[in-house]
Structure formats: C-alpha cells, structure tokens
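# Commentary on secondary and tertiary structure
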Amino acid sequence: MAMPMLVLVTAFWWVPALGNVIAFQDYNPFSGGILGSPIIGFTNFAQLFGDAQFIRAVVNTLGITAFQLVFYFPLPIALALLLNSVVSGRLRAFIQGVVYLPHFFSWVLVVAIFQQMFGGAGLLAQILRDHGHAGIDWMTNSDTFILLVTAQTVWKDAGWGTIVFLAALSTIDQNLYEAAAVDGARRWRRMWHITLPGLRPVIVLLLILRLGDALNVGFEQFMLQRGAVGSKVSEVFDTFVYWSGLRTGDFGYGAAAGLFKGLVGLVLILAANRVAHALGERGVYSRS
C-alpha cells in the first residue's frame with residue numbers, strides 16, 4: 001500500500017533533490033549541464049548574502065510568518081471550538097460547508113474578490129463615497145499590505161484548517177465532560193481543563209510544522225499583488241527565487257536560495273521539536 005507513495009516521493013522529491021548540487025556550480029544547462037558545469041564552491045551563497053533584495057525578502061517573509069502565527073494560527077482552533085459547540089448536526093454541516101468552500105478557490109479568484117470589495121472602485125469605497133467620505137483603496141496601500149494578505153489567508157484557509165482540530169476534538173473522552181459537569185464545572189472550566197489539554201499535542205505538532213515552513217508564505221498570492229503595492233513590501237522568498245533565479249536564467253543562484261530555505265526550515269523544525277520535548281510533548285518525532 002505504501003509503494004505508490006514511495007515511488008511518488010522518490011520521483012518528485014528525492015531524485016530532484018540531487019540537483020541541489022548546482023548551487024555550488026556555475027551552472028549552464030545549455031553548455032555543460034550538471035556534469036559539465038564548473039564547481040565554484042560557495043560563491044553563489046556569498047553573492048546571495050550580499051544581495052540587499054534577498055535580505056529584504058527574508059525579512060518580509062519572516063515578518064509575515066510571525067504576524068500570521070499570532071493573528072491567524074489561533075483562528076482555526078477557535079473556529080473548531082465554536083463548530084464543536086453547535087448542537088444541531090445539520091446547522092454544523094452547513095456552517096462547515098460554508099467555511100470550507102473558499103479553500104478550493106484559486107488565489108486569482110481570492111485576490112479578484114478582495115479587489116471588488118476593498119479596491120479603489122470596490123464596494124467599500126463606493127459606500128464611503130456615497131456617504132460623503134473619501135474612498136479607500138486598501139489593495140494598493142503598502143502600509144497595510146500585511147493586514148491584507150493575512151485577511152485573505154484567513155478567509156481562504158481558516159475553515160479548512162479546522163478539520164484537524166475537529167478530528168482531535170472527536171477523540172476526547174466524553175466521560176470527562178460528564179464527570180466535570182457533575183462536579184460543577186461550567187462550560188469555560190470544561191474547555192480550559194479538558195478541551196484545550198486534549199488539543200495541545202495537535203496544536204504543538206502543527207505549530208512545529210508551521211515554523212519549519214516559515215520561509216514559505218506562498219507564491220501566487222504575492223506574485224499577483226506585487227505590481228499593486230511594489231516589491232518593497234511584497235517581495236518574499238519564493239518571489240525572490242523566481243525573479244532572481246528563474247527569470248534571469250541564473251539557476252545556480254536560485255538553487256542556492258532554495259537550499260538556504262530548506263536548511264533554515266530544517267533548523268527551525270529541530271529547534272521547535274526540542275522545545276516541544278522540553279514541554280513534555282511528543283512533537284514531530286521522539287527518540288525511543
């Protein structure tokens with residue numbers, strides 16, 4: 001049963017990973033390829049760390065990740081708790097369908113919807129003008145760009161993120177709630193002492209995985225809005241690799257940036273996993 005997935009991972013992950021060697025080469029796919037391109041050591045990395053645009057992309061990416069960890073990561077947990085408290089099964093199923101639906105929208109459609117709502121000619125600006133106020137164009141405001149992309153992420157993926165937490169809630173022993181109610185514990189007490197401890201292993205696991213993916217905040221979402229707000233605030237790691245590596249044909253430089261991204265993710269996962277062990281949680285893995 002595992003063989004199809006092993007073949008898929010081998011073909012599209014492990015074998016292509018060998019191509020990271022071009023990060024240490026003056027790679028030219030037309031004259032020498034991987035076997036014929038000269039080795040230049042860490043020259044690409046030295047150029048990378050001296051590139052002000054790369055530093056700005058890393059700072060923007062880490063800033064957006066930190067902001068979304070605070071203001072986005074807790075929302076699926078809260079939404080799962082609210083959905084779990086809905087008594088009517090039909091109403092719960094309807095709400096779940098509504099909040100899951102945006103996940104299946106492409107980023108092109110999501111950005112277009114936000115443009116129609118919050119753009120200079122959007123619904124909100126028209127309402128403000130109709131009431132004698134100046135219209136607001138949040139889609140081109142670089143000062144509020146981080147709020148904009150976080151709002152788009154919340155609307156698109158917060159509902160989908162509740163699936164794991166709802167599954168974790170279903171594994172909590174209901175007898176614990178009944179015993180707590182008999183002892184006089186009210187709803188908030190039951191949530192604090194039973195529900196949240198039951199969710200804690202899942203929360204820690206997803207938080208570790210999110211930290212390991214800290215340099216991956218999305219490509220399409222930022223690429224689509226780069227022209228509206230400028231590269232100063234919208235340049236993230238993935239768009240930097242595209243513009244500085246793929247578009248220019250400097251594949252070795254782009255590979256160096258991608259390898260750096262992978263190493264940073266590995267370090268963050270290992271560090272977060274060690275912290276999880278210190279707090280008594282299993283984390284992503286644990287030694288036997």
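Residues numbered from 1 in each chain as written. Predicted model: local features only at pLDDT ≥ 70, side-chain atom pairs only at ≥ 80, totals over all residues. Heavy atoms only, no water.

The protein chain goes by Sugar ABC transporter permease in an unreviewed UniProt entry, where it is assigned to Microbispora bryophytorum subsp. camponoti. The Subcellular location (unreviewed entry) field of the UniProt record for the protein chain holds the comment "Cell membrane". If you open the UniProt record of the protein chain and go to Sequence similarities (unreviewed entry), you find "Belongs to the binding-protein-dependent transport system permease family." (UniProt positions renumbered as here; feature names shortened; annotations may be inferred.)

### Side note on the overall build of the protein chain
Tallying secondary structure elements over the protein chain gives 15 helices and zero strands in all. The principal-axis extent of the C-alpha atoms belonging to the protein chain is close to 75 × 70 × 35 Å. Evaluated residue by residue, the protein chain yields a buried proportion of 32% over its 288 residues. Across the protein chain, contacts joining residues at least 24 apart in sequence account for 63% of those joining residues at least 6 apart. Of the roughly 17200 Å² of accessible surface on the protein chain, a fraction of 67% belongs to carbon and sulfur atoms. Computed over 18 positive and 15 negative side-chain charges, the separation of the two mean positions in the protein chain equals 8 Å. (Helix = DSSP H or I, 4+ residues; strand = E, 2+ residues; numbered from the N terminus. Buried < 20%, exposed > 50% of the residue type's maximum accessible area, 1.4 Å probe, protein only. Contact = heavy atoms within 4.5 Å. Areas by Shrake-Rupley, 256 points an atom, 1.4 Å probe, with all protein chains shown as cover. Lys, Arg positive; Asp, Glu negative; His and termini not counted. Charge placed at Lys NZ, Arg CZ, Asp CG, Glu CD.)

### Quick word on the side chain of glutamate 235
Tracing the backbone through its elements, the reader meets glutamate 235 in the loop between α13 (231–234) and α14 (237–246). For glutamate 235, the side chain forms a polar contact with the side chain of threonine 239, separated by 2.6 Å. Among residues more than four places away in sequence, those in contact with glutamate 235 are Gln53, Arg56, Ala57, Asn60, Arg226, Phe240 and Trp243. (Polar contact = N/O pair within 3.5 Å; in protein donor to acceptor, adjacent residues only side chain to side chain.)

### Focus: a nonpolar patch on the surface
A surface patch of nonpolar side chains, about 970 Å² in accessible area, is lined by Met3, Met5, Leu6, Val7, Leu8, Phe12, Trp13 and Trp14. Tracing the sequence through the fold places tryptophan 14 in helix α1 (residues 3–17). Residue classification places tryptophan 14 among the exposed positions, given a relative accessible area of 52%. (Patch = residues over 30% accessible without salt bridge, like charges linked within 9 Å, V, L, I, M, F, W, Y side chains within 5 Å. Salt bridge = Lys/Arg side-chain N within 4 Å of Asp/Glu carboxyl O.)

### Overview of the nonpolar core
One finds Ile77, Phe165, Leu166, Leu169, Leu199 and Ile203 to be the most contacted residues of the largest nonpolar core, which totals 16 residues. For this core, the secondary structure elements donating two or more residues are α5 (74–84), α9 (145–170), α10 (174–182) and α11 (187–212). Those residues in contact with leucine 199 that lie beyond four places of it in its chain are Ile77, Leu81, Phe165, Ala168 and Leu169. Counting 13 residues, the second largest nonpolar core, distinct from the first, contains Trp107, Val110, Val217 and Val236. (Core = buried A, V, L, I, M, F, W, Y, C linked by side-chain atoms within 4.5 Å.)

### A few points about the side chain of glutamine 68
Within the secondary structure, glutamine 68 is located in helix α4 (residues 52–71). Not counting residues within four places of it along the chain, the set of residues in contact with glutamine 68 comprises Phe73, Val149, Thr150, Thr153 and Arg210.

### Let's talk about the pattern of salt bridges
What the rule picks out here adds up to three salt bridges. Here lysine 156 ties to aspartate 157 by a salt bridge, and the two come within 4.0 Å at their closest N and O atoms. Summarising the burial analysis for this pair, lysine 156 and aspartate 157 share the class buried.

### Overview of the UniProt feature "domain: ABC transmembrane type-1" (unreviewed entry) in the protein chain
Mapped onto this numbering, the UniProt entry gives "domain: ABC transmembrane type-1" (unreviewed entry) at residues 58–272. Secondary structure within residues 58–272 divides into 76% helix and 0% strand; the distance between the first and last C-alpha atoms comes to 19 Å.

### Some details on the UniProt feature "transmembrane region" (unreviewed entry) in the protein chain
UniProt annotation of "transmembrane region" (unreviewed entry) refers to residues 29–50, 62–84, 104–125, 194–212 and 251–272 when read in the numbering used here. Between the C-alpha atoms that bound residues 29–50 the distance is 25 Å, and the span itself is 50% helix and 0% strand. The straight-line gap between the two end C-alpha atoms of residues 194–212 is 28 Å; of that span, 100% is helix and 0% is strand.

### Some thoughts on α10
Put simply, aspartate 173 is the residue that caps the front of α10, since its side-chain oxygen is 3.0 Å from the backbone nitrogen of asparagine 175. The first or second residue beyond α10 is glycine 184, which carries a positive phi of 95 degrees.

### Side note on the environment of alanine 134
As for its placement among the helices and strands, alanine 134 is situated in the loop between α8 (123–130) and α9. Alanine 134 sits in the exposed class, given a relative accessible area of 63%. Between the alpha carbons of alanine 134 and glutamine 225 there is a distance of 23 Å; along the sequence they are 91 residues apart.

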